Amino acid sequence: NAGVTQTPKFRVLKTGQSMTLLCAQDMNHEYMYWYRQDPGMGLRLIHYSVGEGTTAKGEVPDGYNVSRLKKQNFLLGLESAAPSQTSVYFCASSYLINMLQASEAFFGQGTRLTVV
Amino acid sequence: RKEVEQDPGPFNVPEGATVAFNCTYSNSASQSFFWYRQDCRKEPKLLMSVYSSGNEDGRFTAQLNRASQYISLLIRDSKLSDSATYLCVVNGGGGGNKLTFGTGTQLKVEL
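What comes next is a walk through the structure. (Residues numbered from 1 in each chain as written. Chains lettered and ligands numbered in written order. Predicted model: local features only at pLDDT ≥ 70, side-chain atom pairs only at ≥ 80, totals over all residues. Heavy atoms only, no water.)

### A word on the environment of B:G104
Residue and element names in this part refer to chain B.
Now for step 1: With respect to the helices and strands, the residue G104 is situated in the loop between β10 (99-101) and β11 (105-110).
Now for step 2: For G104, a relative accessible area of 4% gives the class buried.
Now for step 3: Sequence-distant contacts of G104, that is, excluding residues within four places in its chain, are made with Q6, D7, P8, T85, Y86 and L87. (Helix = DSSP H or I, 4+ residues; strand = E, 2+ residues; numbered from the N terminus. Buried < 20%, exposed > 50% of the residue type's maximum accessible area, 1.4 Å probe, protein only. Contact = heavy atoms within 4.5 Å.)

Written out as structure tokens, the structure reads:
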């Protein structure tokens, strides 16, 4: 099993350009998450999804959009990139144990994005 | 109040020392708790889950205190290779069920 795969691993964008980060998981997990991590800071939740066709805002959603058209894929879009979006982006997935509990998160290897 | 709070550290300890980290959480309905390890901007990796009865994995012991809403991680006989950032993770509970990460505690083990 590949687990959680992020594409691309690295990217440099110019201010105002758009791009989409792809997260794919082959574990049939219900939950998927996008986080960003800036130097010296913890993981901050951008958006998450509790199932196919549903998305929800996290802690820092502004400037990002997401879609989950298929259960295995969670896309993160930057419509007009800004230097403040320079960061490392991590995707993760987890499964539902019961109505009250989610499993641990399984992470992709990260995407290092620089906006110049 | 943040949903999950950790002391950022750094904790600088000599090799062989015992070190403990605490993490507090605000949602009393939280049901799942984990400790993750993260090395220098790589992806976080699961260290251990935290169970109500407490659990141990080699040199690592995790405890949960629901009454005071905190979890702890104890590392005995610290190794140089234990140097990393340790992240506390809490499942929000309720309908949301999203996982919330603390900002992490940095550990540096020195000779």
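### Regarding a nonpolar patch on the surface
Now for step 1: Nonpolar side chains collect at one region of the surface, where A:L96, A:M99 and A:L100 lie side by side and expose about 290 Å² of accessible area between them.
Now for step 2: Note that A:M99 resides in the loop between β10 (96-98) and β11 (101-102). (Patch = residues over 30% accessible without salt bridge, like charges linked within 9 Å, V, L, I, M, F, W, Y side chains within 5 Å. Areas by Shrake-Rupley, 256 points an atom, 1.4 Å probe, with all protein chains shown as cover. Salt bridge = Lys/Arg side-chain N within 4 Å of Asp/Glu carboxyl O.)

### Structural notes on the environment of A:A105
Now for step 1: Secondary-structure assignment places A:A105 in the loop between β11 and β12 (106-107).
Now for step 2: For A:A105, a relative accessible area of 4% gives the class buried.
Now for step 3: In the structure, A:A105 is positioned 10 residues away from A:Y95 in sequence and 8.2 Å away in space, judged by C-alpha atoms.
Now for step 4: Discounting chain neighbours no more than four positions away, the residues touching A:A105 are A:A92, A:S93, A:S94, B:Y36 and B:L99.

### Some remarks on the state of the cysteines
Now for step 1: Inspection of every chain in the model, using the stated rule, returns 2 disulfides over all chains.
Now for step 2: Bridging A:C23 to A:C91, the disulfide has an S-S length of 1.8 Å. One quick way to see it: the torsion about the S-S bond of A:C23 and A:C91 is about -75 degrees, and its sign makes the bridge left-handed. Of this pair, A:C23 sits in strand β3 (residues 19-25) while A:C91 sits in strand β9 (residues 87-94), and the two are 68 residues apart along the sequence.
Now for step 3: Shown here is the disulfide that connects B:C23 with B:C88, its sulfur atoms set 1.9 Å apart. The chirality of the disulfide connecting B:C23 with B:C88 is left-handed, given an S-S dihedral of about -70 degrees. Linking B:C23 in strand β3 (residues 19-25) with B:C88 in strand β9 (residues 84-91), this pair joins segments that are 65 residues apart in sequence. In this structure, B:C23 and B:C88 share a single accessibility class: buried. (Disulfide = S-S within 2.5 Å.)

### Let's talk about the sheet that holds strand β8 (residues 73-78) of chain A
Residues and elements named next belong to chain A.
Now for step 1: One open sheet accounts for 4 strands, arranged β1-β3-β8-β7; its pairing is antiparallel. Looking at strand neighbours, the two that pair on one side only are β1 (4-7) and β7 (65-67), the edges of this open sheet. Looking at each pair of strands side by side, their axes are set apart by 20 degrees on average, direction ignored.
Now for step 2: Pairing between β3 and β8: 6 bridges, direction antiparallel. The residue bridging C23 from the neighbouring strand is F74, located in β8. (Pairing = 2+ DSSP bridges. Axes fitted to C-alpha atoms, helices over the stretch in contact; angles between N-to-C directions.)

### Considering the interface of chain B and chain A
Now for step 1: On the side of chain A, 27 residues touch chain B, which itself brings 21 residues to the contact.
Now for step 2: Connecting chain B to chain A are 0 salt bridges.
Now for step 3: Along the contact surface separating chain B from chain A lie 3 residue pairs in polar contact (both at pLDDT 80 or more).
Now for step 4: Only β4 (33-38), β9 and β10 of chain B provide two or more residues apiece to the side of chain B that touches chain A.
Now for step 5: When residues in the side of chain B that touches chain A are grouped by element, the largest group, 3 residues, is from β4(B).
Now for step 6: Here the side of chain B that touches chain A is composed, by residue class, of 7 nonpolar, 10 polar and 4 charged. (Polar contact = N/O pair within 3.5 Å; in protein donor to acceptor, adjacent residues only side chain to side chain. Nonpolar A, V, L, I, M, F, W, Y, C, P; charged D, E, K, R; others polar.)

### Describing the nonpolar core
Now for step 1: Ranked by size, the top nonpolar core spans 23 residues in total, and within it B:F21, B:W35, B:I71, B:L73, B:I75, B:Y86 and B:L107 carry the most contacts.
Now for step 2: Not counting the four nearest positions on each side in its chain, B:F21 is found in contact with B:F11, B:W35, B:I71, B:S72, B:L73, B:I75, B:Y86, B:T105 and B:L107.
Now for step 3: Core analysis: the next-biggest nonpolar cluster, separate from the first, contains 19 residues, A:V4, A:M19, A:W34 and A:F74 among them. (Core = buried A, V, L, I, M, F, W, Y, C linked by side-chain atoms within 4.5 Å.)

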